[in-house]
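Understanding the architecture of this molecule
Read off the chains here:
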Amino acid sequence: MKAPRVSLDQWRALQAVVEQGGYAQAATHLHRSQSSVSYAIGRLEEQLGTEVLVINGRKAELTDTGRVLFERASKLIEDAGNLEQLATDLSSGQEAEIRLVVDAAFPFEILMHALRRFADHCPQTRIQLEQMILSGVDERIEAGLADLAISGQLPADMLGDEIITIEFIAVAHPQHPLHQVDGTLTLEDLRDALQIVISDSGIEHKQDRGWLGASQQWSVSSIDSSLQLIRNGMGYGWLPRHMICEELQRDTLKELPLREGKIYTTSLYLVYGNPQHIGPATRQLADILKQCVQHQKT
């Protein structure tokens with residue numbers, strides 16, 4: 001691959017002339033002499049073998065060829081700036097990547113809001129996001145595959161802060177046979193009905209979420225799949241209230257009138273994967289997640 005003949009400094013000079021509207025304005029913007037800017041553009045055109053700027057009155061304008069080159073050059077300058085910022089971040093200890101593992105019950109809207117805010121604060125830090133169920137999060141932490149996690153339980157040798165409480169509620173389609181039973185339901189009424197169970201994504205210590213006394217069970221690998229099956233009348237199950245608020249309001253899902261066990265809650269904890277080595281970006285992401293949860297509560 002041939003080494004580029006045009007320097008990044010020359011492309012920056014072109015960008016300044018175009019964006020500032022002329023050579024004099026570009027020179028002021030770059031804190032350089034006008035002659036040095038003119039020389040940089042002249043050498044650029046000479047090395048490329050084509051004209052990129054023309055003077056129209058007092059304004060410098062791009063030629064058709066210059067317009068195409070300028071678009072690519074602007075991206076090149078942006079990439080160079082990002083590379084320099086990455087080097088600065090790395091030298092200051094800011095992580096290049098954060099492995100974030102989140103229990104799938106954590107509200108997705110809050111997660112997306114937090115990630116958008118984090119991207120504005122730390123644009124050079126990549127996020128590797130995994131959504132897991134139950135012990136799947138803990139196994140990622142134990143295996144050293146999570147820098148930050150939102151988990152339904154705390155690993156035995158770690159500390160964490162409770163970040164949110166999730167309420168699970170027993171529901172079924174309004175036309176489901178369980179809603180045709182007179183009076184309140186007991187666990188005996190549930191035993192012969194099909195229950196949709198959310199399977200654990202862990203391997204070593206698998207468990208399932210919810211009451212497991214039904215003789216008929218279908219296991220699914222995600223909360224969304226469980227919601228779709230229950231919404232379509234295939235069975236009943238316990239789902240996070242924040243995911244089904246609209247369905248309950250529209251009466252496309254209905255709470256089961258259980259005498260007991262209709263609702264259960266679970267706490268989710270914010271846990272650092274390696275508490276002895278927490279990078280500044282990881283700590284900032286944790287703070288943003290807490291702030292977004294608190295904002296949602298208010």
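Provided above is the structure to which this section pertains.
Thresholds applied
- Residues numbered from 1 in each chain as written.
- Predicted model: local features only at pLDDT ≥ 70, side-chain atom pairs only at ≥ 80, totals over all residues.
- Heavy atoms only, no water.
- Axes fitted to C-alpha atoms, helices over the stretch in contact; angles between N-to-C directions.
- Helix = DSSP H or I, 4+ residues; strand = E, 2+ residues; numbered from the N terminus.
- Parallel < 35°, antiparallel > 145°, perpendicular 65-115°, else oblique.
- Left-handed = near helix turned anticlockwise from the far one by under 90°.
- Contact = heavy atoms within 4.5 Å.
- Disulfide = S-S within 2.5 Å.
- Buried < 20%, exposed > 50% of the residue type's maximum accessible area, 1.4 Å probe, protein only.
- Polar contact = N/O pair within 3.5 Å; in protein donor to acceptor, adjacent residues only side chain to side chain.
- Expected span 1.5 Å × (residues − 1).

The N-to-C vectors of helix 1 (residues 8-20) and helix 2 (residues 23-30) enclose an angle of 120 degrees; their axes lie 8 Å apart at closest approach. By the angle class used here, helix 1 and helix 2 are oblique. In the packing of helix 1 onto helix 2, the handedness of the crossing is right-handed. For the pair formed by helix 1 and helix 2, the contact residues are Arg-12, Ala-13, Ala-16, Val-17 and Gln-20 on the first element and Tyr-23, Gln-25, Ala-26, His-29 and Leu-30 on the second.

For the rest of this paragraph, the subject is the state of the cysteines. Scanning the entire structure with this criterion turns up zero disulfides. In this structure Cys-292 is not part of a disulfide, and its nearest cysteine sulfur, from Cys-122, lies 13 Å away. Judged by relative accessible area, Cys-292 falls into the buried class, the value being 3%.

Before going further, it helps to spend a moment on the side chain of Asp-200. The residue Asp-200 is located in the loop between strand 7 (194-198) and strand 8 (216-220) in this model. You can call Asp-200 buried: its relative accessible area is 3%. Engagement of the side chain of Asp-200 in a polar contact is seen with the side chain of Ser-135, the distance being 2.7 Å. Among the polar contacts made by the side chain of Asp-200, one reaches the main-chain amide nitrogen of Gly-136 at a distance of 3.5 Å.

If you check helix 1, its first and last C-alpha atoms are 18 Å apart, about what 13 residues at 1.5 Å a residue would give, namely 18 Å. Every buried residue belonging to helix 1 is among Gln-10, Trp-11, Ala-13, Leu-14, Gln-15, Ala-16 and Val-17, and all of these are buried. Looking one or two places after helix 1, you find Gly-21, whose phi comes out positive at around 95 degrees.

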